[in-house]
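Close look at the chain arrangement
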Amino acid sequence: IAEDRWEALPILYAIWGDAPSEIVQFLVESHLSVYPDHELNWSKMVVTVGRAGAPLDAIQNLLDVQQAYFPQQPIDWDEVLENLAEPATLNGPASQAIFMFLTNCSILKRIHAIRVRQWRNNITIEICRTEPDSSFNSSAFLARIHRVLANHEDEY
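Residues numbered from 1 in each chain as written. Predicted model: local features only at pLDDT ≥ 70, side-chain atom pairs only at ≥ 80, totals over all residues. Heavy atoms only, no water.

Where helix α3 (residues 42–51) contacts helix α5 (residues 77–84), the axes come no closer than 9 Å and their chain directions differ by 25 degrees. Looking at the two axes, α3 sits roughly parallel to α5. Here α3 runs over α5; the crossing is right-handed. Facing α3, whose interface residues are S43, V46, V47, G50 and R51, α5 presents W77, E79, V80, N83 and L84. Of the residues in the contact of α3 with α5, the class split is five nonpolar, three polar and two charged. (Axes fitted to C-alpha atoms, helices over the stretch in contact; angles between N-to-C directions. Helix = DSSP H or I, 4+ residues; strand = E, 2+ residues; numbered from the N terminus. Parallel < 35°, antiparallel > 145°, perpendicular 65-115°, else oblique. Left-handed = near helix turned anticlockwise from the far one by under 90°. Contact = heavy atoms within 4.5 Å. Nonpolar A, V, L, I, M, F, W, Y, C, P; charged D, E, K, R; others polar.)

Structure below.
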């Protein structure tokens, strides 16, 4: 499977470039039929679009394709967030918003496992109430969100 010099595949560019769904579906189905045992590195793809400051819609589309066509191929959220938390990566409110969005994506299953709606809402509010700015600290943000989540999980 040929990657370009940035180690990306055509599937990533099609999704990132907002290609028509028929094109993305064609690339996915072609990949699955020609390379049925090849595991795509979804973590690396998420880091790539996150570092590049891709629109949130494009990132969500990437995650949707992974869930729809490759659900057995995991995303290592710890790796993704660790890579994106590097200070040189988060240079501006847009990339900080991407980090917050991906933090939310990384804990969605855990949030949905909490049966008390108010507690689920509290976690979402905690993520959304953070305003990206020059003092944004990704490690502190992530630790705070994990702490709030763990507290609610312990209460449940």
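There's plenty left to go through after this.
Glancing now at the packing of α3 against helix α4 (residues 56–69). Orientation of α3 relative to α4, taken along the N-to-C sense of each, is 170 degrees, at an axis distance of 10 Å. Looking at the two axes, α3 sits roughly antiparallel to α4. Contact with α3, carried on its side by W42, M45, V46 and V49, involves I59, L62, L63, V65 and Q66 of α4 and no other residues of that element. When grouped by side-chain class, the residues that make up the contact of α3 with α4 number eight nonpolar, one polar and no charged.

Right, let's talk about the nonpolar core for a bit. By size, the foremost hydrophobic cluster in this structure holds 44 residues, and its most contacted members are L63 and L102. For this core, the elements supplying multiple residues, two or more each, are α1 (10–16), α2 (21–34), α3, α4, α5, α6 (93–113), α7 (117–128) and α8 (138–155). It is α6 that contributes the most residues to this core, eight residues altogether. For L102, the contacting residues outside a window of four places in its chain are V46, I59, L63, W77, V80, L81 and L84. (Core = buried A, V, L, I, M, F, W, Y, C linked by side-chain atoms within 4.5 Å. Buried < 20%, exposed > 50% of the residue type's maximum accessible area, 1.4 Å probe, protein only.)

Summed over all chains, the structure comprises two salt bridges. Where E153 meets R110, a salt bridge forms, and the shortest distance between an N and an O atom there is 2.7 Å. Of this pair, E153 sits in helix α8 while R110 is found in helix α6, placing the two residues 43 residues apart along the sequence. The class of R110 is partly exposed, set by a relative accessible area of 33%. E126 is the partner of R144 in a salt bridge, and the nearest nitrogen-oxygen pair spans 2.5 Å. One end of the pair, R144, is in helix α8; the other, E126, is in helix α7, and 18 residues separate them in sequence. Residue classification places R144 among the partly exposed residues on the basis of a relative accessible area of 23%. (Salt bridge = Lys/Arg side-chain N within 4 Å of Asp/Glu carboxyl O.)

The subject of this paragraph is the environment of S134. Along the chain, the position of S134 falls in the loop between α7 and α8. Its relative accessible area of 81% is what places S134 among the exposed residues. Taking the C-alpha atoms as reference points, S134 and Q96, separated by 38 residues in sequence, lie 9.5 Å from one another.

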